[in-house]
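Residue-level structural notes
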Amino acid sequence: MDEVLIEARLNEYTPREPNPNVPFSPEEIAEAAAACRDAGASVAHFHARDSETGAASTDPAVYCEIGRALRASSDIVMMPTLGATVSSVIEERFAHIHAMAASPATRAELVPLDLASANISFYDSEKRSFDREDSLYENTVATLRALSEGVRAVGVRPIGVAYSVPSLRFVEPLLDTGVLEEPLYLQLLLTGEGVLSGHPVTPRGLAALLDFIPAGVDLEWNVLAYGANLLELADLVLERGGHFALGLGDYPYLELGTPTNANIVEKLVAMARAHGREPATPALVRDRFGLMG
Ligand code: ZN
């Protein structure tokens, strides 16, 4: 795809300090998604939050509220998290996706499937300590299959998120065994300082992943930089034909002032145009990945 697919990562579980523009409520999330769409994003990724405190919400009803508000204000492709809970009961991990699928007014279209298990421990190099030492994010192959089948049963397409070269080695086996499908929306995770589960947000960190993207698989790849400024790698990604997943959920982007999510998308679109690449529309993304819309 010559056009640039831009996924706006609106909020994750990021606090409003230092950037107060992180959306929490369904209305704020929908408004941010519509503004990102106007700026050139084609996919919106979001997490449900408590409207006042920003605390993580696992409530399927809140996901439905976000879906309804978002769909009413924009045609952007909807990608909620699959990590609303990390419950060991698989059905609970996609309960919000099933609730959203009950109506075309709220239905999700894509969900991220993390193709790795990882130690989720932030390392503070000044204090020389981890924030916690006992946190494992577990995704066995059986879990990936159950999540994939669970969301595909209601017409939602899983994307693959690669944490490292080994994740990429899993891609073809997971396609061969029906856990993933072509054409594949493949996300390459890079992580900033202290977040050790991904490759570093550097040209070398990215190049190592690009070297191991399986040839011969029909896919589009994008890059996510959790905890760092992805714009610093944007020229390289644009040259290599890649796409982007970025927003205030990952990083406050204070290099741009105190931007909104849409301001970050605007900046990226300007860079893409300098490379002769136009932003992809939601319709183009739906066509590429066979989404129902
Ligand atoms: Zn997320």
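Figured I'd write up the structure that's included with this text. (Residues numbered from 1 in each chain as written. Predicted model: local features only at pLDDT ≥ 70, side-chain atom pairs only at ≥ 80, totals over all residues. Heavy atoms only, no water.)

1. Describing the overall build of the protein
This is how it is decided: Secondary structure follows DSSP: runs of H or I at least 4 residues long count as helices, runs of E at least 2 residues long count as strands, and numbering of each begins at the N terminus. Radius of gyration: over C-alpha atoms. The globule rule applied is 2.2 Å multiplied by the number of residues raised to the 0.38 power. Summary of the burial criterion: residues with accessible area below 20% of their type's maximum are buried, those above 50% are exposed, and those between are partly exposed, where the area comes from a 1.4 Å probe applied to protein chains only. Any two residues whose heavy atoms approach within 4.5 Å at even a single point are treated as in contact. Using a 1.4 Å probe, the Shrake-Rupley method yields the accessible areas, and only the shown protein chains count as cover for residues. Think of it this way: Lys and Arg go in the positive column, Asp and Glu in the negative one, and His and the chain ends go nowhere. Each charge is placed at NZ for Lys, CZ for Arg, CG for Asp and CD for Glu.
Of the regular secondary structure elements, the protein holds 10 helices and 13 strands. A globule of 293 residues ought to have a C-alpha radius of gyration of about 19 Å, and the protein, at 18 Å, matches this closely. Here the C-alpha coordinates of the protein stretch approximately 45 × 45 × 40 Å along the principal axes. Counting all 293 residues of the protein, 55% fall into the buried class. Within the protein, contacts between residues at least 6 apart in sequence are counted, and of these 71% link residues at least 24 apart. About 12400 Å² of surface is accessible on the protein, with carbon and sulfur atoms providing 51% of the total. Here the protein contributes 22 positively and 41 negatively charged side chains, and the mean placements of these two sets differ by 2 Å.

2. Comments concerning the nonpolar core
Considering soluble globular proteins, one finds that nonpolar side chains tend to be buried as a cluster. As a reminder, the rule being used: By nonpolar core we mean a set of buried residues, namely Ala, Val, Leu, Ile, Met, Phe, Trp, Tyr and Cys, connected to one another through side-chain atoms within 4.5 Å.
By size, the foremost hydrophobic cluster in this structure holds 78 residues, and its most contacted members are Leu10, Phe46, Leu70, Leu186, Leu188 and Trp221. Broken down by element, this core gets its largest block of residues, 7 residues, from helix 9 (residues 261-274). Once residues lying within four places of it in the same chain are set aside, the contact partners of Phe46 are Leu10, Asn11, Ile29, Tyr63, Ile66, Leu70, Met78, Met79, Pro80, Thr81 and Met100. The next biggest cluster of nonpolar side chains, apart from the first, holds 19 residues, and it includes Tyr137, Tyr185, Leu224 and Val285.

3. Some details on the environment of Glu92
On the secondary structure map, Glu92 appears in helix 3 (residues 90-93). Taking the relative accessible area as the measure of exposure, Glu92 reaches 43% and is therefore partly exposed. Once the C-alpha coordinates of Glu92 and Val62 are considered, the two residues, 30 residues apart in sequence, prove to be 15 Å apart. Residues in contact with Glu92, not counting those within four places in the same chain, are Thr85 and Ser87.

4. Brief notes about the coordination of the zinc ion
Heads up, the rule is: Counted as donors are N, O and S atoms no farther than 2.8 Å from the metal, or 3.2 Å for Na, K and Ca; water is not among the atoms, and sites may therefore look incomplete. Donor angles set the geometry label: tetrahedral for four donors if every angle is between 85 and 135 degrees, square planar for four and octahedral for six if opposite donors exceed 155 degrees and the others are between 65 and 115, irregular for anything else.
For the zinc ion, the full set of protein donor atoms is Glu12 (OE), Glu12 (OE), His45 (NE2) and His47 (NE2), at a range of 2.0 to 2.5 Å. Here the zinc ion is ringed by 4 donor atoms whose angles at the metal span 53 to 137 degrees, and the overall shape comes out irregular. One chain supplies every donor for the zinc ion, spaced along it as E-x32-H-x1-H. On the criterion of sequence distance, the pair formed by Glu12 in the loop between strand 1 (6-9) and helix 1 (26-39) and His45 in strand 2 (residues 43-46) is long-range, its members being 33 residues apart. The class of His45 is buried, set by a relative accessible area of 3%.

5. As for the packing of aromatic side chains
The following threshold applies: The rule is short: rings of Phe, Tyr and Trp, with Trp giving its six-membered ring, pair when the centres are within 6.5 Å, and they are stacked under 30 degrees, edge-to-face over 60, tilted in between. Distance and angle both matter: a charge sits over a ring if NZ of Lys or CZ of Arg is within 6 Å of the ring centre and within 35 degrees of the ring normal.
Counted by the stated rule, this structure contains 4 aromatic pairs. Against the face of Phe24 rests Arg16, its NZ or CZ located 3.7 Å from the ring centre. Directly above the aromatic system of Phe289 lies the positively charged group of Arg288, at a separation of 5.9 Å from the ring centroid.

6. Looking at the side chain of Ser74
If you trace the backbone, Ser74 turns up in the loop between helix 2 (60-73) and strand 3 (77-80). Under the relative-accessibility criterion, Ser74 is labelled buried at 9%. Residues contacting Ser74, with those up to four places away along its chain left out, are Ala34 and Arg37.

7. Regarding unusual backbone geometry
Across the chain, the bulk of peptide bonds are trans and the bulk of non-glycine residues have phi less than zero. Look at the link from Glu17 to Pro18: it is a cis peptide, with omega at 10 degrees. With respect to the helices, strands and loops of the structure, Pro18 is situated in the loop between strand 1 and helix 1. Between Glu182 and Pro183 the backbone carries a cis peptide bond, its omega angle lying at -10 degrees. Checked against the element boundaries, Pro183 lands in the loop between helix 6 (165-176) and strand 10 (184-191). One non-glycine residue with positive phi stands out, namely Tyr253, at about 50 degrees.

8. Side note on helix 7 (residues 203-210)
Here is the rule we go by: Regarding the arc, it is the one traced by the directions from the helix axis to the C-beta atoms.
Turning to helix 7, its buried residues number three or more, namely Gly205, Leu206, Leu209 and Leu210. Down the axis of helix 7, the buried set is contained in an arc of 135 degrees. They therefore lie on one face. At its buried positions, helix 7 is contacted by helix 6, strand 10, strand 11 (199-200), strand 12 (219-226) and helix 8 (234-239).

9. Focus on the environment of Asn19
Rules: Any N or O atom pair separated by 3.5 Å or less is treated as a polar contact, with the protein-specific requirement of one donor-capable and one acceptor-capable atom, and with residues adjacent in sequence counted only for side-chain atom pairs.
Summarising the element assignment, Asn19 is placed in the loop between strand 1 and helix 1. Given a relative accessible area of 2%, Asn19 falls into the buried group. For Asn19 and Met271, which are 252 residues apart along the polypeptide, the C-alpha to C-alpha distance reads 23 Å. Of note is the side chain of Asn19, whose polar atom sits 2.9 Å from the backbone nitrogen of Asn21. Here the side chain of Asn19 touches Pro259 through a polar contact of 2.9 Å, landing on its backbone oxygen.

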